[in-house]
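Summary of structural features
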Amino acid sequence: MEYVDLIRSRASEEHFLLGNLAIVRGALESGIDVYTYYPGTPSSEVGEAFTKLYREVGMRWVENSINEKVAVEVAGAAYARGAKVMVGMKNAGLNVAADPLFALATTRPKNENSACVILVADDPQQYSSAIEMDSRYYLKLFKIPALEPSNPQECLEYTKYAFEISRKLKIPVMLRLVTMVSHARSNVKFGDLMHSEIKDDFDLSPEVNVASRLYFLNLKEEQIYTRMNQALNLSENSPLNKIMSENSLNEYGLGIIASGVSFSYVLEALEHLQIKAPILKLGFIHPLPERKIAEFIKSFKNVFVVEENDAYLETQILAIAQKNELQTKIYGKDPFSYSRENSLLSFVGELNPTKIAQALEKITDLPNKIIANQIKDDKYNTVKRKPVLCPGCPYGVIGYALRESLKKLSAKKPENVYFYQDIGCYTLLSFPPYSFANVKYCMGSSIALAQGVAHTDDSLNIAIIGDGTFFHSGIPALLNGVYNKAPILILILDNGWIGMTGQQPHPGSDTKYYKEGRYKNKIDLEKFLEGTGAKLNIIKRQDHNTKNYPKRLKDLIYEKSLNVLENGELHVILIEDECIQKFNENNILKIRYVDEKLCTNCGICYDQFSCSALYEQDNKACINRNECLGCGICEDLCPNNAILRGEENEL
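Note on numbering: residues in each chain are counted from 1, in written sequence order. Given that the model is predicted, a residue must reach a pLDDT of at least 70 before its local features are reported, and side-chain atom pairs must reach 80 or more before they are shown or counted; all residues, however, enter totals for whole chains, interfaces and linings. Only hydrogens and water are removed before side-chain values are computed, so all heavy atoms of the structure are retained for them.

A closer look at the overall build of the protein chain
Broken down by element type, the protein chain carries 23 helices and 23 strands. What the globule rule says is 2.2 Å times the number of residues to the power 0.38, and the radius of gyration is computed from C-alpha atoms. Taking 651 residues into account, the globule formula puts the C-alpha radius of gyration at 26 Å, and the protein chain, at 28 Å, falls close to it. For every residue, the accessible area obtained with a 1.4 Å probe (protein chains only) is divided by the maximum for its type, and the residue is called buried under 20%, exposed over 50%, and partly exposed between those limits. Counting only residues that meet the buried cut, the protein chain has 55% of its 651 residues in that class. Summarising the internal contacts of the protein chain: among those between residues at least 6 apart in sequence, 78% fall at separations of at least 24. Only the protein chains shown count as cover for residues, with accessible areas throughout obtained via the Shrake-Rupley method and a probe of 1.4 Å. For the protein chain, the computed accessible surface area is about 29,100 Å², with 48% contributed by carbon and sulfur atoms. Residues scored as positive are Lys and Arg, those scored as negative are Asp and Glu, and His as well as the terminal groups of each chain are ignored. Here the site of a charge means NZ on Lys, CZ on Arg, CG on Asp, or CD on Glu. Charged side chains of the protein chain number 73 positive and 81 negative; the gap between the two group centres comes to 1 Å. Secondary structure elements are defined from DSSP: runs of H or I of at least 4 residues count as helices, runs of E of at least 2 residues count as strands, and each element is numbered from the N terminus. Here a residue-residue contact requires only that any non-hydrogen atoms of the pair lie within 4.5 Å.

As for unusual backbone geometry
The omega torsion across His 286 and Pro 287 is -5°, close enough to zero to call that bond cis. The linkage connecting Pro 432 with the following residue, Pro 433, adopts the cis geometry, with an omega of 10°. Here Glu 325, not a glycine, exhibits a phi torsion of approximately 55°, which is positive. Summarising the element assignment, Glu 325 is placed in the loop between α13 (312-323) and β14 (329-331). You can call Glu 325 exposed: its relative accessible area is 68%. Located in the positive-phi region is Tyr 338, a residue other than glycine, with phi close to 50°. Tracing the backbone shows Tyr 338 in the loop between β14 and α14 (353-364).

Quick notes on the domain arrangement of the protein chain
What marks off one domain from the next here is an automatic or database domain assignment. Partitioning the protein chain into domains gives domain 1 (5-237), domain 2 (241-373), domain 3 (394-586) and domain 4 (590-648). In this structure, domain 3 and domain 4 have C-alpha centres spaced 26 Å apart. Each side of the interface is counted separately: domain 3 has 18 residues, and domain 4 has 13 residues. Note on terms: buried area is the combined drop in 1.4 Å-probe accessible area of two parts once they are placed together, counting the loss on both. Interface area for domain 3 against domain 4, summed over the two sides, is near 1,200 Å², with a carbon-plus-sulfur share of 48%. Here, a salt bridge means any side-chain nitrogen of Lys or Arg that lies within 4 Å of a carboxyl oxygen of Asp or Glu. If you look at where domain 3 meets domain 4, you find zero salt bridges. Listing elements by their share of the side of domain 3 that touches domain 4, those giving two or more residues are α16 (394-412), α20 (549-567) and α21 (580-586). By residue number, the principal contributor to the side of domain 3 that touches domain 4 is α16, which donates five residues.

Focus: the sheet that holds strand β9 (residues 241-244)
Pairing between two strands is assigned when DSSP locates at least 2 bridges connecting them. Across the sheet, five strands lie side by side as β9-β11-β10-β13-β14; this open sheet has mixed pairing. At either end of the open sheet lies a strand with only one pairing partner, and these are β9 and β14. On average, each strand axis in the sheet is inclined to that of its neighbour by 20°, with strand direction left out of account. Together, β9, β10 (254-259), β11 (279-282) and β13 (302-306) form the strand contacts of helix α11 (residues 261-273), whose direction differs from that of β10 by roughly 145°. Interaxial angle, 0 to 180 degrees, is taken between N-to-C directions of lines fitted to C-alpha atoms, where a helix line uses only the stretch in contact.

Notes on the sheet that holds strand β17 (residues 489-494)
Reading across from one edge, β15-β16-β17-β19-β18 is the order of the five strands in this open sheet, with parallel pairing throughout. Either end of the sheet is taken by a strand with one partner, and the two such strands are β15 (417-420) and β18 (535-540). Strand-to-strand, the axes of this sheet are offset by a mean angle of 20°, without reference to chain direction. Note that strand β16 (residues 460-466) and β17 share five bridges and pair parallel. Bridge pairing links Ile 465 to Ile 492 in β17. In this fold α16 packs onto β15, β16, β17 and β19 (571-576), with an angle of close to 170° to the strand it touches most, β16.

What to know about the side chain of Ser 405
One can find Ser 405 in helix α16. By relative accessible area, which is 1% here, Ser 405 ends up buried. Once you skip the residues sitting within four places of it in the chain, Ser 405 turns out to touch Lys 554, Ile 557 and Tyr 558.

Section: empty space enclosed by the protein
Here a cavity is any set of points on a 1 Å grid over the protein atoms alone where a 1.4 Å probe fits but cannot get out, and a pocket is any open set with protein on both sides within 12 Å along at least 5 of 7 lines; a residue lines the site when it has an atom within 4 Å of a point. Grid points are joined across faces, edges and corners, and a volume is the space filled by probe spheres set on the points. Tallied over the full model, the rule gives five cavities of 30 Å³ or more. Reported here for the largest cavity is a volume of approximately 100 Å³. Residue lining of the largest cavity: 17 residues in total, with Cys 599, Cys 602, Cys 605, Ala 621 and Cys 638 positioned closest to the centre. Of all the secondary structure elements, the ones that give two or more residues to the lining of the largest cavity are α22 (604-608) and α23 (633-637). With three residues, α22 is the single largest residue contributor to the lining of the largest cavity. Residues were grouped as follows: Ala, Val, Leu, Ile, Met, Phe, Trp, Tyr, Cys and Pro as nonpolar; Asp, Glu, Lys and Arg as charged; and all remaining residues, including Gly, as polar. A class-by-class count of the residues in the lining of the largest cavity yields 13 nonpolar, four polar and no charged. Cys 611, Ala 613, Cys 628, Cys 631 and Cys 634 are the residues nearest the centre of the second largest cavity, which is lined by 13 residues in total. In the lining of the second largest cavity, the residues fall into nine nonpolar, three polar and one charged.

Structure, rendered in structure tokens:
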């Protein structure tokens, strides 16, 4: 489906839609005014869609903010001013956004139209994240309501509910997703679009919008005992919390409580085992409907709580059972034991119907239809693929040059070398054959991590960070290093885009190459770095035909590494080479091929450079011409000039 169809389709039409795009339609049907975000899989498509649509649909503002904290602050002020706003991020981004969200959650706008939805996409199984994190625990800290859809249709509907609740209670509402809901597809029925109702007469009174000691405690008390109390009443009576298959009783006295995508897994598991059970499906996950849960629990001898990641629901359900003096046996993760043996479901990774069916077999003593060891030990003929950079990725040549320069350095200065990684495509340099990672924590941390060791050791400490991540949260650490004269080498890998999440622009992106660029100012990263006072060297690929780039890069890294060791200075190398995916959108593709007569099978291209389009066959280097993206680095590296360019547009 094209993004534009989200605003051109009429009510009652059905479309086969991605969960993330259903959220966009739900927000448009709520009359959203402002969307701010930082791209992070699995939530990125929401921001991309809004960016392409918002001017046509009449929204007031959409921006890809420099980080999640700023996104919350921009949207938060619009919310205080009287706008309906949504802020989007992934799980780890919620950590960055937490500081302003604490204050935002407590304030209470006077404006009738004000509504704020916080979209957070968790990533169980850590498909595209540095961490596996359960964002639901922030709900207890922020003290805000939260909804969790289980399929794309609910993504649309729950988004509308979230705006309604926030507008009514004047409190932010979290819309919590997981990867398998964000990226699921199903038919979604549309409703009517609503246009912005924002009013020009607004009230920014400090007593309801200023988080200071003069107002904060009163606001917090009102938030907890008034707005959250009202949210609890909504939860108790919400159609989002409902008992499914209420009359489907079973001989085991078993009831099930589930939310989100886990509900879908439960349905499949029950069907496979050919048993029936009532299910309390929780869509309004905070505050939980205590009375409804207690009434459900007391009807059964056994209750099975099914949820991914932490035992967030289970812990509260155990407390509800205790408070109401219920004797029902509650199964799940057994959150207080931290015992594999006592946990029927794991705290780690995704759930699936098989895992739930296995747990149900243990609860009910059903004959095993699923043999765990057989599943674990069964061998499948699947394609195995290690994590690799795209063919032609500029980070590949950086990895090669860094390794070669340090080989030369070790002969002169045999000190230990440590690498501090950050979050981006270049994180793949952590894997063999490069293995450039000793410490990696979170986005923007590499520069500070390098300082922590450099101040206490005589080793060479190298921070590796991308341009998007540097803008996001690397700048304070650089300033800290310059101020404290940290003896480190910083490699800023400037590929021009936020490559990992789909080549979204950032403040340093060339405004000529994206539609919204005409409304933006490009931040000159070179001038910014010069302004910090750091010792700076800049190396540019210039274009993808420049000769001797690998050697120039290798020599520069060697020279500056030596300087750090000998003089104890902080050096920054800014390496400018555009993401190959974006480069090929605006340039003619020129793939390469190997002249077998000239190839001596030295292995430099396929073994040392390690491009996924290069391989050995019949004692010769070969190029997979279906994968080659024409970067030309292998041509530059070949000592025998055996790698040549194909005809333009040959593919």
